[in-house]
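Observations on the three-dimensional arrangement
Residue-level listing of the chains:
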Amino acid sequence: MGRGMYPPQPTIYINNLNDKVKKEELKKSLYAIFSQFGEILEIVAAKNIRARGQAFVVFKDINSASNALRSMQGFPFYEKPMRINYAKKKSDAVAKLDGTYVAKDHTKKGTKEKRKAPDQGGDAKRVMENAMPMMGMMQGMMQGMMPPGMAPPGNNMPPMPPKPRPTPPQSGSEVPHKILFLQNLPQETTEMMLTMLFEQFPGFKETRLVPGRHDIAFVEFEADQQASQAKQALNHFKITPNNAMLITFANK
């Protein structure tokens with residue numbers, strides 16, 4: 001059953017998600033494909049059976065949510081087209097930002113509703129915390145690589161311990177080739193995540209990860225021109241707020 005489009009707001013509701021995907025993997029993948037549209041405050045996916053195949057992505061502003069809804073409506077996500085709507089109600093995270101947050105009533109009905117709220121909020125908080133080591137590692141070093149209109153990550157995340165610098169990027173080629181060479185990928189990159197990004201382009205064949213290297217991969221298309229289109233569209237795509245993917249043509 002479909003539901004009518006609700007008025008625009010920073011939170012989007014997604015259903016028709018593949019319910020066989022584990023919750024934590026689902027959240028990480030949602031973060032990877034939606035973070036390109038703006039700062040994400042939280043991602044909520046419930047564990048109970050009745051709410052499987054559904055999730056909420058909370059952006060900081062309405063424009064980000066609207067762009068995400070328009071761009072990703074029907075996007076094949078784990079082999080199922082996403083159905084996206086604005087959420088019916090404002091999320092607590094947004095309400096706290098704009099000063100309209102009201103604490104839940106602890107009595108009777110309020111208590112019953114509150115039993116669910118900590119679990120959802122806690123789950124969303126955990127997925128953001130899982131992403132923070134990866135985000136903190138590159139914070140400050142990627143400022144110059146942010147595409148126009150993209151705000152830098154917030155400064156409210158906790159300081160992260162120093163991380164060793166990754167191996168300098170390998171050189172690719174600018175001579176058109178049907179195989180693309182991807183660099184600067186975050187540690188949590190998976191083959192499925194890259195496949196979802198590139199399979200929307202005509203001629204996509206396969207994604208190949210490099211054993212022992214999380215930061216590089218290859219993506220093959222049927223023809224040079226098709227690979228060029230994908231490169232033009234996704235070069236500097238931000239898989240995470242601090243990891244802009246670098247794409248060149250593989251050496252012939």
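Rules behind the numbers
- Residues numbered from 1 in each chain as written.
- Predicted model: local features only at pLDDT ≥ 70, side-chain atom pairs only at ≥ 80, totals over all residues.
- Heavy atoms only, no water.
- Helix = DSSP H or I, 4+ residues; strand = E, 2+ residues; numbered from the N terminus.
- Buried < 20%, exposed > 50% of the residue type's maximum accessible area, 1.4 Å probe, protein only.
- Contact = heavy atoms within 4.5 Å.
- Areas by Shrake-Rupley, 256 points an atom, 1.4 Å probe, with all protein chains shown as cover.
- Salt bridge = Lys/Arg side-chain N within 4 Å of Asp/Glu carboxyl O.
- Pairing = 2+ DSSP bridges.
- Axes fitted to C-alpha atoms, helices over the stretch in contact; angles between N-to-C directions.
- pLDDT = per-residue confidence, 0-100.

Some thoughts on the overall build of the protein
Check the secondary structure of the protein and you find six helices and twelve strands. The burial tally for the protein puts 44% of its 252 residues in the buried class. Across the protein, the fraction of contacts at a sequence separation of at least 24, relative to all contacts at a separation of at least 6, is 70%. As presented, the protein carries roughly 14,000 Å² of accessible surface, and 54% of it is formed by carbon and sulfur atoms.

Quick notes on the pattern of salt bridges
Here the structure, examined in full by the defined rule, presents six salt bridges. Glutamate 220 serves as the salt-bridge partner of arginine 208, at 2.9 Å between the closest nitrogen and oxygen. Taken together, the residues arginine 208 in strand β8 (residues 204–210) and glutamate 220 in strand β9 (residues 213–221) connect sequence positions twelve residues apart. With relative accessibility at 29%, the residue arginine 208 sits in the partly exposed group. Of the residues examined, glutamate 220 reaches a relative accessible area of 10% and is grouped as buried. One salt-bridge network, held together by shared partners, links Lys178, Lys205, Glu206, Arg208 and Glu220.

A closer look at the environment of glutamate 79
The topology assignment puts glutamate 79 in the loop between β4 (76–77) and β5 (80–81). In this structure, the C-alpha to C-alpha distance between glutamate 79 and asparagine 18, residues 61 residues apart in sequence, is 7.6 Å.

Notes on unusual backbone geometry
Negative phi is the rule for most residues except glycine; trans is the rule for most peptide bonds. The backbone of asparagine 16 shows a phi angle near 65°, a positive value even though the residue is not glycine. Mapped onto the elements of the fold, asparagine 16 is located in the loop between β1 (11–15) and α1 (23–34). The class of asparagine 16 is buried, set by a relative accessible area of 19%. Located in the positive-phi region is histidine 236, a residue other than glycine, with phi close to 75°.

Some points on the sheet that holds β1
In space, the four strands of this open sheet follow the order β2-β3-β1-β6, with antiparallel pairing throughout. At either end of the open sheet lies a strand with only one pairing partner, and these are β2 (40–44) and β6 (83–86). For this sheet, the mean angle separating the axes of adjacent strands, direction not counted, is 20°. Bridge count for β1 against strand β3 (residues 55–59) is four bridges, and the pairing is antiparallel. Bridging from a neighbouring strand, isoleucine 12 pairs with valine 57 of β3.

Topic: the pairing of β9
In terms of strand pairing, strand β7 (residues 179–183) meets β9 through four bridges, oriented antiparallel. Bridge pairing in β9 places isoleucine 179 opposite glutamate 220. In this sheet, β9 lies alongside β8 in antiparallel orientation, the contact comprising six bridges. Paired with arginine 208 across the bridge in β9 is phenylalanine 218. Hairpin connection of β8 to β9: two residues between the antiparallel strands, including glycine 212 at a positive phi of 80°.

Some words on the sheet that holds β7
The strand order β8-β9-β7-β12 describes an open sheet built from four strands, whose pairing is antiparallel. In the strand order of this sheet, the two ends are held by β8 and β12 (246–249), each with one partner. Taking the axes of each pair of neighbouring strands and ignoring which way they run, one obtains an average angle of 25° across the sheet. Here helix α5 (residues 191–198) sits on the sheet and contacts β7, β8, β9 and β12; the angle it forms with β8, its principal contact strand, is near 150°. Against the sheet, helix α6 (residues 224–234) touches β7, β9 and β12, its axis set at about 160° to β12.

Brief notes about α5
Most of α5 sits out of view: six of its eight residues are buried. Three or more residues of α5 are buried, namely Met193, Leu194, Thr195, Met196, Leu197 and Phe198.

Considering the confidence of the model for the protein
Scored by pLDDT, the protein comes out at a mean of 75, with 67% of its residues at no less than 70. Every residue in residues 131–170 is under pLDDT 50, and counting partners more than four places away or in other chains gives 52 contacts.

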